[in-house]
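# Secondary and tertiary structure notes
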2 protein chains.
Amino acid sequence: MSAAPSSEPRRVAVLSVGDELVLGQIEDSNASWLARELQRIGCMPGERRTVADERMLLAKAMRELAASHDALVVTGGLGPTLDDLTREALLDVVDAGGELESDPAGVEHLRGWFERRGRAMPASNLRQALRPRGAWLLDNPNGTAPGIGARIGAVEVFCLPGPPNEMKPMFARVVEPALACPGRAVLTAALHTIGVGESVLAERLGDLMRRDRQPSVGTTASDGIVSIRVRAEGSADQAREALAATVAECERAAGSLIYGRDGEPLAAVVGRLLLERNLTLATVESCTGGLVGAMVTDIAGSSAWYLGGFVTYANERKMSDVGVRRETLDAHGAVSAQTACEMARGGLSRTGADVAIATTGVAGPSGGSDAKPVGTVYVAVALRDGEIYARRFHFPGDRITVRRRTAHLALACTRFALLGEPTRPLLWSESEAVHVERT
Amino acid sequence: MSAAPSSEPRRVAVLSVGDELVLGQIEDSNASWLARELQRIGCMPGERRTVADERMLLAKAMRELAASHDALVVTGGLGPTLDDLTREALLDVVDAGGELESDPAGVEHLRGWFERRGRAMPASNLRQALRPRGAWLLDNPNGTAPGIGARIGAVEVFCLPGPPNEMKPMFARVVEPALACPGRAVLTAALHTIGVGESVLAERLGDLMRRDRQPSVGTTASDGIVSIRVRAEGSADQAREALAATVAECERAAGSLIYGRDGEPLAAVVGRLLLERNLTLATVESCTGGLVGAMVTDIAGSSAWYLGGFVTYANERKMSDVGVRRETLDAHGAVSAQTACEMARGGLSRTGADVAIATTGVAGPSGGSDAKPVGTVYVAVALRDGEIYARRFHFPGDRITVRRRTAHLALACTRFALLGEPTRPLLWSESEAVHVERT
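Residues numbered from 1 in each chain as written. Chains lettered and ligands numbered in written order. Predicted model: local features only at pLDDT ≥ 70, side-chain atom pairs only at ≥ 80, totals over all residues.

Our next topic: the overall build of chain A. Helix and strand counts for chain A stand at 14 helices and 18 strands. Within the span of chain A, comprising 439 residues, buried residues form 54% of the whole. Within chain A, contacts between residues at least 6 apart in sequence are counted, and of these 67% link residues at least 24 apart. (Helix = DSSP H or I, 4+ residues; strand = E, 2+ residues; numbered from the N terminus. Buried ≥ 20, exposed ≤ 12 C-beta atoms within 10 Å, placed from the backbone. Contact = placed C-beta atoms within 7 Å.)

Rendered as structure tokens:
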């Protein structure tokens, strides 16, 4: 392996393999994940290519990328079936005319994998223990497909499986130790905000976003979450200091709009606030149908602060499970501040939780009216022995988008209520529309 | 333009341009959209590359892709700022040593664009009217950046803007008429299965998966769902017939393992089965925390067959909301077939639904034991006036993976129960472990 000089980051190409990628049947989220990880460990992502499961095309891409980069990460094409050809293509590049060899440790791994699961190993799986002469298998604790390591001249090649839950641990275990460059870094930080539009946030950030600024600052938006992205380059020490200084400037500019950093889920932040205050949470969901609960329970350890909840999709369930009154439904409708408040109140009383979140709305595509068009949603947050704050939102987008935005903004409302800012103006809601009842 | 013979689809490469793509800051959804559109109009998507905003690298990629394809679609790098270099790279390829020329119609377009919006045109925008000699601008009704058309030898090149709302209409207006091949098509179909491993499915498909077969058949796996992908080429009529014939063969080989086609969600299939039988559904979720409900309510119109449910995350909620007995929890634990059965039974009785799904398990990372390691999950399906089938699974993977697989397999168990195959062996479960109680 050629050690890269500490002033020049190693350029690493990423090659994604699979007909389904080339044909656009699935998105290649592996490639962008790898790009971010490579930067984190001090490498510079180079070219990215996506090639079909065709032996000649694959071999050509490996050769070309190895010729113009310092290392190469390949994902996909290591499955047990005949349409998986990464092994064969690698053979053509590193041992042209040779034959794939069966790796005894690989066979052992496969036998053990099936044995531990009490299943017979299909003969086709033995293909997964094959590798070119001179190459070596990479351990896969999470699946049947071992990776393959090899060298094309001085260029290290890592062939990883396609499934993200197998690829990511193998990157951390094998690729990171081999390619990490402790002496230099491209460091990035993401600060996540919710409840504010991208252009308003840009105004707050002002000159921090100038293109020629170092470290650079940019913003990206997704499902109501607007993230500030900071990127610093240099020696590890320089980059770390410069990153910290710019992050601090961004934090001053955006204040409590920032809820978390570097992918921290909003639900985890809400959980931390609850834990600090020794409070518990319940959910009562109509239009989100369990999505808020799913986001909350995605967080490991959420059982310490989340009790559970109700998916009151039908009106009958709103009445019998959380005590919404028929008169309220008749007078104001299921999609109303009053119904949302009663749902949240019922969530508190039925579970004994300290905080309850309720959602009710028109996710679409049908069910809208002039007064309550598709995208109209009420979110209520109830605090035990205190107030219930219900807020009307209007979310643009299709059913899936409306539901995800609802779940995120419901967690945002909860966060601001816990921070003592329950009526703070939020994107897609009208601040004057906050409806307050006693619990 | 060289007309492609109707027997051979034109191979079209896609080149995505932008630092933010190479660095993994945003996903490149343009490329997969283009791949699908190219197939729709009878072309074959070739290689896909992603390159940073660097003039030399861009020019090299354009040259290489033009050498191995019949046409090239480039997206991005046409903005007004100095980091947008697609024009300059194209110049280097089609008129090396020449200068970019200002296109009078392009200047006109830009002036009109700003005039109609009552804004002064920044001088930098004039860059967007530049093109190499011999190239031509492509009209952009939706933004300031015109596209650029050119030829590299006989290969047509289309440079389109990066923003999808500008790129997509320009593709339809300019690229489709130029490349569409009405006499020929590349058609694809996806058949989705659940509960079976990729290699077992491959054995069932047998020779259908041979690499040299036309139409081609491959498989991909994600979260327990294994999809069979069929691709047929030829004249539109031939391709349609060949696709239908191969799909029928795959259907015969895989039988009821196939639940749906072309992206149809499993929850929609369960919903259709329920509607046909005039049945309603309730969910009782512990380890999935609302994820099954969220998948179900992602389906538009699910209110016709889904009543709602309970997120019984804490044991207290299992007892008070769905009547799980304390003795059951004490004797067997929260993660047990008995508890899952009582959760499902309670789901029926508390909601009046005809079918109830219950999930309880150890999603991790902590909470596992020797007898019930992380990934151990019980899924129960209860049918009113019938049986409750509880099944033990062991899912590999991290918390997020275990939860998603649980939700998918819970829907799969429900589907097989509705089809009268409640004890069918499923991937990640032991068939002998089906525990049956009366509702």
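This part is about the sheet that holds strand β13 (residues 281-285) of chain B. With mixed pairing, the 12 strands of this open sheet are ordered in space as β18(A)-β17(A)-β16(A)-β15(A)-β13(A)-β14(A)-β14(B)-β13(B)-β15(B)-β16(B)-β17(B)-β18(B). Lying at the two open borders of the sheet, with one neighbouring strand each, are β18 (435-438) of chain A together with β18 (435-438) of chain B. Each strand axis lies, on average, 15 degrees off the axis of its neighbour in the sheet, ignoring direction. Two elements, strand β14 (residues 306-311) of chain A and strand β14 (residues 306-311) of chain B, share three bridges in a ladder whose sense is antiparallel. Bridge assignment links F310 of chain A to a residue of β14 of chain B, and that residue is F310 of chain B. Lying over the sheet, helix α14 (residues 399-418) of chain A contacts β15 (355-361), β16 (376-383) and β17 (387-394) of chain A, oriented at roughly 30 degrees with respect to β16 of chain A. Sitting on the sheet, helix α13 (residues 337-351) of chain B is in contact with β13, β14, β15 (355-361), β16 (376-383), β17 (387-394) and β18 of chain B, with an inclination near 35 degrees to β16 of chain B. (Pairing = 2+ DSSP bridges. Axes fitted to C-alpha atoms, helices over the stretch in contact; angles between N-to-C directions.)

On to the domain arrangement of chain A, then. Accessible area lost on assembly of the parts is the figure often given for the size of an interface. What the domain assignment reports for chain A is domain 1 (11-179), domain 2 (184-261) and domain 3 (266-438). Distance between the C-alpha centres of domain 1 of chain A and domain 3 of chain A: 45 Å. (Domains from an automatic or database assignment.)

The subject of this paragraph is unusual backbone geometry. Across residues other than glycine, the phi torsion is negative in most instances, and most of the peptide bonds are trans. The amide bond that connects Q214 of chain A to the next residue, P215 of chain A, takes the cis arrangement and shows omega of -10 degrees. Note that P215 of chain A resides in the loop between α7 (198-205) and β10 (216-222). A positive phi angle, close to 55 degrees, is found at D223 of chain B, a residue other than glycine. Residue placement: D223 of chain B occurs in the loop between β10 (216-222) and β11 (225-235).

Taken residue by residue, the interface counts 65 residues in chain B and 60 residues in chain A. Those elements that provide at least two residues to the side of chain B that touches chain A are α2 (29-40), β2 (44-51), β9 (184-194), α7 (198-205), β10, α10 (291-297), β14 and α14 (399-418) of chain B. Partitioning the side of chain B that touches chain A into residue classes produces 26 nonpolar, 24 polar and 15 charged. (Nonpolar A, V, L, I, M, F, W, Y, C, P; charged D, E, K, R; others polar.)

Another aspect to go through is the packing of α7 of chain B against helix α8 (residues 236-254) of chain B. All names here are of chain B. Contact geometry for α7 and α8: axes closest at 8 Å, N-to-C directions at 115 degrees. In the crossing of α7 with α8, the sense of the turn from one axis to the other is right-handed. From α7, L201, R204 and L205 reach across to α8, where they touch C250, A253 and A254. Residue classes in the contact of α7 with α8 are distributed as five nonpolar, no polar and one charged. (Left-handed = near helix turned anticlockwise from the far one by under 90°.)

Let us look at the environment of C159 of chain A. Residues and elements named next belong to chain A. Within the secondary structure layout, C159 lies in strand β8 (residues 155-160). With 132 residues separating them along the chain, C159 and L291 place their C-alpha atoms 36 Å apart. When sequence neighbours within four positions are dropped, the list of residues in contact with C159 reads V74, L78, T86, L90, G147 and I148.

Here the focus is the environment of P104 of chain B. Residues and elements named next belong to chain B. Mapped onto the elements, P104 comes out in helix α5 (residues 104-116). Among the residues examined, P104 registers 10 C-beta atoms within 10 Å and is labelled exposed. C-alpha of P104 to C-alpha of R384: the two residues are 280 residues apart in sequence and 74 Å apart in space.

Moving on, we get to the environment of M295 of chain B. Residue and element names in this part refer to chain B. Within the secondary structure, M295 sits in helix α10. Residues M295 and R404, 109 residues apart in the sequence, show an inter-C-alpha distance of 10.0 Å. Contact partners of M295, with chain neighbours within four places excluded, come to A267, A407 and L411.

Before going further, it helps to examine the sheet that holds strand β12 (residues 258-261) of chain A. All names here are of chain A. Strand order in this open sheet of four strands is β10-β11-β9-β12, and the pairing throughout is antiparallel. A single partner strand is all that each edge strand has here, and the edge strands are β10 and β12. Strand-to-strand twist across the sheet, computed as the mean angle between neighbouring axes with direction ignored, equals 25 degrees. Helix α8 (residues 236-254) rests against β9 (184-194), β10, β11 (225-235) and β12 of the sheet, and its axis sits at about 155 degrees to β11.

Counting residues in hydrophobic clusters, the biggest one holds 268 residues, and the most contacted among them are A344 and A380 of chain A together with L72, A344 and A380 of chain B. Every residue in contact with A380 of chain B, bar those within four places of it in the chain, is listed here: A340, C341, M343, A344, A358, I388, Y389 and A390 of chain B. (Core = buried A, V, L, I, M, F, W, Y, C linked by C-beta atoms within 7 Å.)

A few words now on α8 of chain B. All names here are of chain B. Taking 1.5 Å of rise per residue, 19 residues should cover 27 Å, and α8 covers 27 Å from first to last C-alpha, within 8% of that figure. Those residues of α8 hidden inside the fold are in contact with β9, α7, β10 and β11. Of the residues flanking the end of α8, it is G255, one or two places downstream, whose phi is positive at about 55 degrees. (Expected span 1.5 Å × (residues − 1).)

It is worth spelling out the pairing of β2 of chain B at this point. In terms of burial, β2 of chain B is largely enclosed, as eight of its eight residues are buried. Bridge count between strand β2 (residues 44-51) of chain A and β2 of chain B: three bridges; the pairing is antiparallel. Paired with R49 of chain A across the strands is R49 of chain B, a residue of β2 of chain B. Bridge analysis of strand β1 (residues 11-17) of chain B against β2 of chain B gives six bridges, and the strand direction is parallel. Counterpart to S16 of chain B in the pairing with β2 of chain B is T50 of chain B.

With that settled, consider the confidence of the model for chain A. All names here are of chain A. In the predicted model, chain A carries a mean pLDDT of 92, and 97% of its residues have values of at least 70. This model gives residues 1-6 a pLDDT under 50, and the stretch forms eight contacts once residues within four places in sequence are excluded. For this predicted complex, the interface confidence score (ipTM) comes to 0.78, while the overall pTM stands at 0.80. (pLDDT = per-residue confidence, 0-100.)

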